[in-house]
Amino acid sequence: AQSVTQLGSHVSVSEGALVLLRCNYSSSVPPYLFWYVQYPNQGLQLLLKYTTGATLVKGINGFEAEFKKSETSFHLTKPSAHMSDAAEYFCAVISNTDKLIFGTGTRLQVFP
Amino acid sequence: NAGVTQTPKFQVLKTGQSMTLQCAQDMNHNSMYWYRQDPGMGLRLIYYSASEGTTDKGEVPNGYNVSRLNKREFSLRLESAAPSQTSVYFCASSEDQGGPYNSPLHFGNGTRLTVT
């Protein structure tokens, strides 16, 4: 069965620093992987997705993620954090019943 | 363009009371979903509806019922609320053309439910 594990429920960075949010997946078939972001008091919105093709995927707001099959990882990065990036981030994978399975989330705090 | 609209935004219930959470989307999407979000557990799928007139159980359906009233509306009902159902509930929809990997989920802003 497909699943995702997000390492670190909270990550804190300074404004301008590198953002790295970790996600590892488990899948018996080639995975479809997603990152969603949830700003305070809002629903989730799609940040980026990997289906097939290029392993480095670019999303909105300067975020990108790299699919690494050898490491079963799909980590989310952004070179320079902005205060507006403070949110909760969810990694997700498509299950064998074609439904999204979400990780437990990582809350990103950005300090000035 | 409202997207996915959920009502109410907040609700407090006593154990044993019933209520219905309402969800409507104006994007002409085929699929609709109900998730619950709990600290440290991410989002878990309660029920989904792949098209008007069909509903299926998700990961945590016990204690809930749903109705896909028409293509726009998908309601979630708690018949006899329990403290374990204290959570934030999200409705979502997707077009589902070409599979879920091609159709991102669009979420409402959530309903925060407390059961005492």
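In case you missed it, the structure is sitting above this.
Considerations on the environment of Q45 of chain A
Residues and elements named next belong to chain A.
Right, on to step 1. As for its placement among the helices and strands, Q45 is situated in strand β5 (residues 44-50).
Right, on to step 2. On a C-alpha basis, the gap between Q45 and D85 in space is 13 Å, while along the polypeptide they are 40 residues apart.
Right, on to step 3. Contacts of Q45, omitting those with residues within four sequence positions, involve W35, Y36, V37, Y39 and I60.

Observations concerning the pairing of strand β8 (residues 74-78) of chain B
Residues and elements named next belong to chain B.
Right, on to step 1. The element β8 is largely enclosed, with a buried count of 4 among its 5 residues.
Right, on to step 2. In this structure, strand β3 (residues 19-25) lies alongside β8, joined through 3 bridges in antiparallel fashion. Paired with T20 across the bridge in β8 is R77.
Right, on to step 3. Direction of pairing for strand β7 (residues 65-68) relative to β8: antiparallel, over a ladder of 4 bridges. Residue pairing for β8: S67 is matched across the bridge by S75.
Right, on to step 4. Here β7 folds back onto β8, and the loop between the two strands holds 5 residues.

Overview of the interface of chain B and chain A
When the parts of a complex come together, some accessible area is lost, and that lost area is often used as the size of the interface.
Right, on to step 1. In this assembly, 19 residues from chain B lie in contact with 20 residues from chain A.
Right, on to step 2. Where chain B meets chain A, there are 0 salt bridges.
Right, on to step 3. At the boundary of chain B with chain A, the tally comes to 4 residue pairs in polar contact (both at pLDDT 80 or more).
Right, on to step 4. Looking at the side of chain B that touches chain A, the elements that each hand over two or more residues are β4 (31-38) and β5 (42-49) of chain B.
Right, on to step 5. Ranked by residues supplied to the side of chain B that touches chain A, first place goes to β5 of chain B with 4 residues.
Right, on to step 6. Partitioned by chemical class, the residues of the side of chain B that touches chain A number 12 nonpolar, 6 polar and 1 charged.

Thresholds, definitions, all that
Residues numbered from 1 in each chain as written. Chains lettered and ligands numbered in written order. Predicted model: local features only at pLDDT ≥ 70, side-chain atom pairs only at ≥ 80, totals over all residues. Heavy atoms only, no water. Helix = DSSP H or I, 4+ residues; strand = E, 2+ residues; numbered from the N terminus. Contact = heavy atoms within 4.5 Å. Buried < 20%, exposed > 50% of the residue type's maximum accessible area, 1.4 Å probe, protein only. Pairing = 2+ DSSP bridges. Salt bridge = Lys/Arg side-chain N within 4 Å of Asp/Glu carboxyl O. Polar contact = N/O pair within 3.5 Å; in protein donor to acceptor, adjacent residues only side chain to side chain. Nonpolar A, V, L, I, M, F, W, Y, C, P; charged D, E, K, R; others polar.

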